[in-house]
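Close look at the chain arrangement
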Amino acid sequence: HGVRNNVKSAVINVEIREDARNIYYKVSNSRSSARNGVTGTGLSNLHARLKIMYGKNYTMNLSDAEQVYSAQLQLKKDIEIA
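Predicted, not measured: the structure shown is a model, and the values here were computed from it.

What counts, and at which threshold
Residues numbered from 1 in each chain as written. Predicted model: local features only at pLDDT ≥ 70, side-chain atom pairs only at ≥ 80, totals over all residues. Heavy atoms only, no water. Pairing = 2+ DSSP bridges. Helix = DSSP H or I, 4+ residues; strand = E, 2+ residues; numbered from the N terminus. Axes fitted to C-alpha atoms, helices over the stretch in contact; angles between N-to-C directions. Contact = heavy atoms within 4.5 Å. Salt bridge = Lys/Arg side-chain N within 4 Å of Asp/Glu carboxyl O. Phe/Tyr/Trp six-rings, centres within 6.5 Å; stacked < 30°, edge-to-face > 60°. Lys NZ or Arg CZ within 6 Å of the ring centre and 35° of its normal. pLDDT = per-residue confidence, 0-100. Patch = residues over 30% accessible without salt bridge, like charges linked within 9 Å, V, L, I, M, F, W, Y side chains within 5 Å. Areas by Shrake-Rupley, 256 points an atom, 1.4 Å probe, with all protein chains shown as cover. Buried < 20%, exposed > 50% of the residue type's maximum accessible area, 1.4 Å probe, protein only. Expected span 1.5 Å × (residues − 1).

A sheet is described by the order of its strands in space; here four strands give the open sequence 1-2-4-3, paired in antiparallel fashion. Unpaired on one side and paired on the other, strand 1 (12–18) and strand 3 (58–64) mark the two borders of the sheet. Between one strand axis and the next, the sheet turns through 10° on average, direction left out of account. Bridge count for strand 1 against strand 2 (residues 22–30) is seven bridges, and the pairing is antiparallel. Considered in strand 2, the bridge of I16 is made with Y25. The sheet contacts of helix 1 (residues 42–54) involve strand 3 and strand 4 (68–76), and relative to strand 3 the element is tilted by about 165°.

Encoded structure:
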């Protein structure tokens, strides 16, 4: 998550919670309407690492709205090895 193009009015929100089976992470940041189209390798690297560590025991959802970008990650506490 980054706010490089929106430093003066940037908002970053991090939420972490858990229940008996899962840990939930949600990170969101404000974004300017002027997008530069630059993408990095961060998300693909993250997906690869999560797959190695958690296999099918995680879900990650991304939301790319006009004003806010967010990522939600759900990790199972009891990892099932397959």
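A few words on the pattern of salt bridges. What the rule picks out here adds up to one salt bridge. Here E18 ties to K77 by a salt bridge, and the two come within 2.4 Å at their closest N and O atoms. One end of the pair, E18, is in strand 1; the other, K77, is in the segment after strand 4, and 59 residues separate them in sequence.

In this section: the packing of aromatic side chains. In the structure shown here, the tally under the stated rule is zero aromatic pairs. The ring centre of Y24 lies 4.1 Å from the NZ or CZ of R17, which sits over that ring.

Mean pLDDT over the protein chain: 83, with 77% of residues reaching 70 or higher. When the elements of the protein chain are averaged for pLDDT, helix 1 gives the smallest value, 90, and strand 1 the largest, 95.

Nonpolar side chains collect at one region of the surface, where I12, V14, I16 and Y25 lie side by side and expose about 390 Å² of accessible area between them. As for its placement among the helices and strands, Y25 is situated in strand 2. According to the relative accessible area criterion, Y25 is partly exposed, its value standing at 32%.

Quick look at helix 1 now. In a regular helix each residue adds 1.5 Å, so 13 residues correspond to 18 Å; helix 1 covers 18 Å between its end C-alpha atoms and thus fits that length. A positive backbone phi angle near 55° is found at G55, which sits one or two residues after helix 1.

Our next topic: the pairing of strand 1. Successive side chains on a regular strand alternate, one facing one side of the sheet and the next facing the other. Burial analysis of strand 1 places just zero of its seven residues in the buried class, which makes it a mostly uncovered element. In sequence, strand 1 turns back onto strand 2 through a hairpin of three residues.

A separate point is the environment of K56. Tracing the backbone shows K56 in the loop between helix 1 and strand 3. Residues K56 and K76, spaced 20 residues apart in sequence, show a C-alpha to C-alpha distance of 9.2 Å.

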